[in-house]
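Here is what each chain is made of, one letter per residue.
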Amino acid sequence: MQLQPLFPDVLGTITGGTRIGLDRLQVAVGVFPPVAFINQPVEIAIVLQNMVDQNMQVRVAIRVPDEDRKGNPVVIEVPRTQVQIGMNPGEVGVLRMPIIAHPPTRPGPRFPVRVAVRYRTPKPGKYVRPPAGGAPPSVLAVSPFHLQALREIRFDAHTWNKSAEIITTYFDIAPKRIPRPPTNFKHSYLTLWTPDQMAKEAELAQAQVETARNIAVGLMHPSAYWNFLDVTPELFAQRGMPLHPGEAKAIAKMMAYTVDEAPSLEPNYQLERTRWFQGLCQVLAQDPERAHVDRGELFTEFLYEAVLHDAVIMGFHVVKHRVQEDLGTMAEQVQYANRVLTWFGGYSEPDLNYIYLPLVLGGVAINRLVQMDRHENPWVMLNELNEARRGRIRLAHGETVVVFDMLSELLAQEQQKLREQRISPP
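The rules we used
- Residues numbered from 1 in each chain as written.
- Predicted model: local features only at pLDDT ≥ 70, side-chain atom pairs only at ≥ 80, totals over all residues.
- Heavy atoms only, no water.
- Helix = DSSP H or I, 4+ residues; strand = E, 2+ residues; numbered from the N terminus.
- Buried < 20%, exposed > 50% of the residue type's maximum accessible area, 1.4 Å probe, protein only.
- Contact = heavy atoms within 4.5 Å.
- Areas by Shrake-Rupley, 256 points an atom, 1.4 Å probe, with all protein chains shown as cover.
- Lys, Arg positive; Asp, Glu negative; His and termini not counted.
- Charge placed at Lys NZ, Arg CZ, Asp CG, Glu CD.
- 1 Å grid on protein atoms, 1.4 Å probe; cavity = no way out; pocket = protein on both sides within 12 Å on 5 of 7 lines; lining within 4 Å.
- Points joined across faces, edges and corners; volume = space filled by probe spheres on them.
- Nonpolar A, V, L, I, M, F, W, Y, C, P; charged D, E, K, R; others polar.
- Phe/Tyr/Trp six-rings, centres within 6.5 Å; stacked < 30°, edge-to-face > 60°.
- Lys NZ or Arg CZ within 6 Å of the ring centre and 35° of its normal.
- Core = buried A, V, L, I, M, F, W, Y, C linked by side-chain atoms within 4.5 Å.
- Salt bridge = Lys/Arg side-chain N within 4 Å of Asp/Glu carboxyl O.
- Pairing = 2+ DSSP bridges.

Enquirer: An account of the overall build of the protein is requested, with residue identities and associated values reported.
Expert: When helices and strands are tallied, the protein shows 13 helices and 13 strands. For the protein, the spread of C-alpha atoms along the principal axes amounts to about 85 × 50 × 40 Å. Expressed as a percentage of the 426 residues in the protein, the buried residues total 52%. Summarising the internal contacts of the protein: among those between residues at least 6 apart in sequence, 80% fall at separations of at least 24. Accessible area of the protein: about 20,400 Å², with a carbon and sulfur share of 49%. Taking the 44 positively charged and 45 negatively charged side chains of the protein as two groups, their mean positions are separated by 6 Å.

Okay, structure coming up:
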């Protein structure tokens, strides 16, 4: 089966994951060097990643301070305060803007530079990249040396006055002066990746299918449950959703089931169509040596968002026959999974439903199929979820009340099955 992978996350490869999401455009702003002298250029780097299959007009404005924290005058030269860039569908590029501090600017720490970014597209278009990050690129329009130089830049994610469109970065001025500043300096824009590279990306990913299949469904692989459980509480807390222990276990189990058990247990499971498997092929194409990395670490370091997306889809599947509620069509479930990933990528507010529907509910349904080890008592997670439910339901309203009714139904079903199997609570 021919793979149809999503476009790679070039921005994340450069910044290590730091990004500001503006819906159809992702941005990262950095400064190099972080410490400069009077009359020495400092470069502001703005990485722009088009997320949709539409042309995009991007306008970037730079604002520098005119006084320091003590009220002393600051003179910073900028070649242009506004730049407009036309981007192709899915294009990734970097705008490099030099600035120079001149006398009578005094040395000091944390001089702010504010970068305002706005864009427009002819129509909304279709997303070609996942919002929370994706697989790394195998092919770039620049040399590896240029890529390494970009990765050495310190990128920030400080928004100003709660506006994602205005990003602030800082640099220090050291107590030394360069005799003569450059007389000719100007901004530049460099394309890093275009859809022209996608055919080669897909070809390289396709070449890794057999290796990826061995990693995905090979015999004697340990469960990825522990890996997912290790990182899930922190990742959800960072996005405004602290988890109770039972919730973290249920989500980790649902994710582990998606990559460990579903390929062999679920009928008509098409491995090559899953987002996580296609992402795994891309990860291996970018660096074949990753085939020797611990399997669970591959999932949590490079593929967490892809697995989370597929776990939402799988969660609906394992729950739908066990509850009385209508969980929607497949198209609606995919749309919901995209909403969860949109929140996870920082584009929307947290919602308690994103924890429970269907991730925690699915974790309850497959509780006995995914265990950390053979000594784990399946009652523990159910008891912890009962405790979490009592705390959460006091704040529940609207659709969330229905979700907790489904949770009560599933918990009762699973507890009854454990009694029938004569598995005692700890």
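Next comes the rest of the account.
Enquirer: Residues and numbers for the layout of surface pockets, please.
Expert: Estimates place the volume of the largest pocket at around 1,200 Å³. Lining the largest pocket we find 37 residues, and of these Arg273, Arg275, His309, Asp310 and Val334 sit closest to its centre. Among the secondary structure elements, those contributing two or more residues to the lining of the largest pocket are helix H7 (275–286), helix H9 (304–319) and helix H10 (330–344). By residue number, the principal contributor to the lining of the largest pocket is H9, which donates 6 residues. Residues that form the lining of the largest pocket fall into these classes: 16 nonpolar, 12 polar and 9 charged. Space inside the second largest pocket adds up to approximately 880 Å³. Around the second largest pocket, the lining comprises 31 residues; the ones closest to its centre are Asp9, Gly16, Gly17, Arg19 and Ala132. If you list the elements that add at least two residues to the lining of the second largest pocket, you get helix H1 (10–15), strand E1 (20–21), helix H5 (225–238), helix H8 (295–302) and H9. Broken down by element, the lining of the second largest pocket gets its largest block of residues, 3 residues, from H8. Grouping the constituent residues of the lining of the second largest pocket by class yields 11 nonpolar, 13 polar and 7 charged.

Enquirer: Please set out the packing of aromatic side chains residue by residue, giving values where relevant.
Expert: The full count for this structure, using the stated rule, is 14 aromatic pairs. Residues Phe228 and Phe299 carry aromatic rings whose centres are separated by 6.2 Å and whose planes lie at 20° to one another, so their mutual orientation is stacked. Note that Phe228 is positioned in helix H5 and Phe299 in helix H8, a separation of 71 residues in sequence. Overall, Phe228 belongs to the buried group, its relative accessible area being 0%. Consider the rings of Trp343 and Tyr354, whose centres lie 5.7 Å apart with planes at 35°: the pair is tilted. Of this pair, Trp343 sits in helix H10 while Tyr354 sits in helix H11 (residues 352–365); the two residues are 11 residues apart in sequence, bridging distant segments of the chain. Side by side, Trp343 and Tyr354 carry an identical accessibility label, which is buried. Connected via pairs of aromatic rings, a cluster forms that spans Phe228, Phe236, Trp276, Phe277, Phe299, Tyr304, Phe316, Tyr336, Trp343, Phe344 and Tyr354. The positively charged end of Arg239 is found above the aromatic ring belonging to Phe344, 3.9 Å away from the centroid.

Enquirer: Outline empty space enclosed by the protein, supporting the account with residue identities and numerical values.
Expert: One way to see where empty space is left: roll a probe the size of a water molecule over the atoms. Counted under the stated rule, the structure contains 1 cavity of 30 Å³ or more. When its volume is computed, the largest cavity comes out at roughly 140 Å³. In terms of lining, the largest cavity is formed by 16 residues, of which the most central are Gly134, Ala135, Arg275, Gly279 and Ala306. For the lining of the largest cavity, the secondary structure elements donating two or more residues are H7 and H9. Of all the elements, H7 adds the most residues to the lining of the largest cavity, at 4 residues. Class assignment of the residues belonging to the lining of the largest cavity gives a composition of 9 nonpolar, 5 polar and 2 charged.

Enquirer: For the nonpolar core, give the residues involved together with the corresponding values.
Expert: Of all hydrophobic cores here, the largest spans 81 residues; its most connected members are Phe228, Phe236, Trp276, Phe277, Ile355 and Tyr356. In this structure Ile355 touches Phe236, Met241, Leu243, Glu247, Ile251, Val360 and Arg392, once residues within four positions along its chain are discounted. By size, the runner-up hydrophobic cluster in this structure holds 34 residues, among which are Val52, Val60, Met97 and Phe171.

Enquirer: Break down the pattern of salt bridges for me, citing the residues and quoting the values.
Expert: Tallying each qualifying case throughout the model produces 13 salt bridges. Taking the shortest distance from any N to any O, the salt bridge between Arg118 and Glu165 comes out at 3.4 Å. Taken together, the residues Arg118 in strand E9 (residues 108–120) and Glu165 in strand E12 (residues 163–177) connect sequence positions 47 residues apart. Classification of Glu165 by relative accessible area gives partly exposed; the value is 33%. Glu247 is the partner of Arg392 in a salt bridge, and the nearest nitrogen-oxygen pair spans 2.8 Å. Taken together, the residues span a long stretch of sequence, with Arg392 in helix H12 (residues 379–392) and Glu247 in helix H6 (residues 245–265) at a distance of 145 residues. Like Glu247, Arg392 is buried. Several salt bridges converge on common partners, so that one network encompasses Arg322, Arg368, Glu414 and Lys417.

Enquirer: Tell me about the pairing of strand E8 (residues 92–102), and please be specific about residues and values.
Expert: Of all 11 residues that make up E8, 11 are buried, and the element is covered over most of its length. Of the two faces of E8, both are covered, the one formed by Val92, Val94, Arg96, Pro98, Ile100 and His102 as well as the one formed by Gly93, Leu95, Met97, Ile99 and Ala101. Sheet analysis places strand E4 (residues 41–50) next to E8, joined by 9 bridges and oriented antiparallel. For Gln49, the partnering residue across the bridge sits in E8 and is Val92. Bridging between strand E6 (residues 75–77) and E8 involves 3 bridges; their strand directions are antiparallel. Across the sheet, residue Glu77 finds its bridge partner in E8, namely Ile100. Looking at chain direction, E8 and strand E13 (residues 188–193) are connected through 5 bridges and run antiparallel. Looking across to E13, one finds that Leu95 is bridged to Tyr189.

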